[in-house]
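# Understanding the architecture of this molecule
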Amino acid sequence: MISAGRFFEERLQQMSAQRYQWHVGSFAWVLHRITGLLLSLYLVIHIWVVRTIGQGPEGFDRVMATVQTPLFLFFEVGLLGTVLYHALNGVRLLLIDTGWGVRHQKGLFFVLAGLAVVVLLIGVVPILNLLGRQFPG
Amino acid sequence: MAFVDARRPGGILLWFLQRLTAAGLLILLLTHFYFLHYFQEGFVTYRKVAVRLASPYWKIFDILFLTLAIFHGFNGFQTVVLEYVHREKLQRMLLILLWTVALVFFMIGVYSIAVFTIQS
């Protein structure tokens, strides 16, 4: 028979091992942080770029031409995906905080992930449209 | 564990404001996307943005959007710093740096929107 001390030690080890298992919830949480940091970074760059509106039509249109090249449009799809993930998982977090979402958090994740894919597809249409204009025919 | 003042970093007020701004940003962001990328066809150009930004209502909208976005973004950043940086001096320095950057970009943004008039 093992001693009580040894028993609790083993149980504690099991519990701490459990805490580091990856679940849908912990995965969603880490991704929420990463996308959040990326979006903050984007916000700062966005303000810096868009401030050139004060330089008048020539300056602004030159900047806009650079940030709407195919490479940037490609990144823009990534941006849309990042925003969508953060926004919809944010909705999930708000629902969890109201209490209702706690029991449904896992299901909510998949429902909202599905919604994200749908909105991403809709959102990609105008971006592809712009791409099409740069490669006529 | 020491009690945290509701208004201090890590307090309940900032936690609540993070959720409040999240809800606000959902509506503002949807409006922003709709008018900038759906309602308007083709590339973003000076003419398209200028017509919209000349309206005082859009100026108010954009300044509100900017305020919520900066607060939400940097408050989120602050949470990450509070959770991963535990050395007190370094933590305080990072928070000061963080909110200074936030304030600078907030002012650049507000200035760009507020003083805007159409040039041709």
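Residues numbered from 1 in each chain as written. Chains lettered and ligands numbered in written order. Predicted model: local features only at pLDDT ≥ 70, side-chain atom pairs only at ≥ 80, totals over all residues.

Attention now moves to the overall build of chain A. Looking only at helices and strands, chain A has five helices and zero strands in total. For chain A, the α and β elements follow one another from N to C terminus as α-α-α-α-α. Taken against the 2.2 N^0.38 rule, which gives 14 Å for 137 residues, the C-alpha radius of gyration of chain A at 23 Å runs more than 25% over that of a compact globule. By its C-alpha atoms, chain A is 80 × 30 × 30 Å across when sized along the principal axes. For chain A, the share of sequence-separated contacts (at least 6 apart) that also reach a separation of at least 24 residues comes to 67%. (Helix = DSSP H or I, 4+ residues; strand = E, 2+ residues; numbered from the N terminus. Rg over C-alpha atoms; globule rule 2.2 N^0.38 Å. Contact = placed C-beta atoms within 7 Å.)

A few words on helix α5 (residues 105-134) of chain A. Taking 1.5 Å per residue as the helical rise, α5(A) with its 30 residues ought to reach 44 Å, and the 43 Å between its terminal C-alpha atoms agrees with that figure. Where α5(A) bends most, at A:V125, the angle is about 30 degrees, and the proline A:P126 comes one to four residues later. (Expected span 1.5 Å × (residues − 1). Bend = angle between axes of the 7 residues up to and from the residue.)

Another point: the packing of helix α1 (residues 12-38) of chain B against helix α3 (residues 56-84) of chain B. All names here are of chain B. In contact at an axis separation of 9 Å, α1 and α3 are set at 135 degrees when each is read in the N-to-C sense. Judged on the interaxial angle alone, α3 and α1 are oblique. Crossing hand, α1 versus α3: left-handed. Facing α1, whose interface residues are L14, Q18, T21, A22, G24, L25, L28 and H32, α3 presents L64, F65, L68, A69, F71, H72, N75 and G76. (Axes fitted to C-alpha atoms, helices over the stretch in contact; angles between N-to-C directions. Parallel < 35°, antiparallel > 145°, perpendicular 65-115°, else oblique. Left-handed = near helix turned anticlockwise from the far one by under 90°.)

Right, let's talk about the packing of helix α2 (residues 24-50) of chain A against α5(A) for a bit. Residues and elements named next belong to chain A. The interhelical angle for the contact between α2 and α5, taken along N-to-C directions, is 55 degrees, at an axis separation of 9 Å. With respect to their mutual orientation, α2 and α5 come out oblique. Two packed elements cross with a definite hand, and for α2 against α5 that hand is left-handed. Across the interface between the two elements, V24, G25 and A28 of α2 pack against Q105, K106 and F109 of α5. Here the contact of α2 with α5 is built from residues that sort into three nonpolar, two polar and one charged. (Nonpolar A, V, L, I, M, F, W, Y, C, P; charged D, E, K, R; others polar.)

Counting residues in hydrophobic clusters, the biggest one holds 17 residues, and the most contacted among them are B:A69 and B:I70. With seven residues, the top contributor of residues to this core is α3(B). Aside from chain neighbours lying at most four places away, what touches B:A69 is A:L43 and B:L25. One finds A:V83, A:L84, A:Y85 and A:L112 within the second-largest nonpolar core, a separate group that totals seven residues. (Core = buried A, V, L, I, M, F, W, Y, C linked by C-beta atoms within 7 Å. Buried ≥ 20, exposed ≤ 12 C-beta atoms within 10 Å, placed from the backbone.)

Taken together, the 25 residues of chain A in the interface contact 28 residues of chain B. Sorting the residues of the side of chain A that touches chain B by element identifies α2, α3 (56-66), α4 (70-98) and α5 of chain A as the ones contributing at least two each. It is α2(A) that provides the largest number of residues to the side of chain A that touches chain B, a total of nine residues. Looking at the side of chain A that touches chain B, its residues break down into 14 nonpolar, six polar and five charged.

Moving on to the confidence of the model for chain B. Mean pLDDT for chain B: 90, with 97% of residues reaching 70 or above. Both scores are available for the predicted complex, with the pTM at 0.85 and the ipTM at 0.90. (pLDDT = per-residue confidence, 0-100.)

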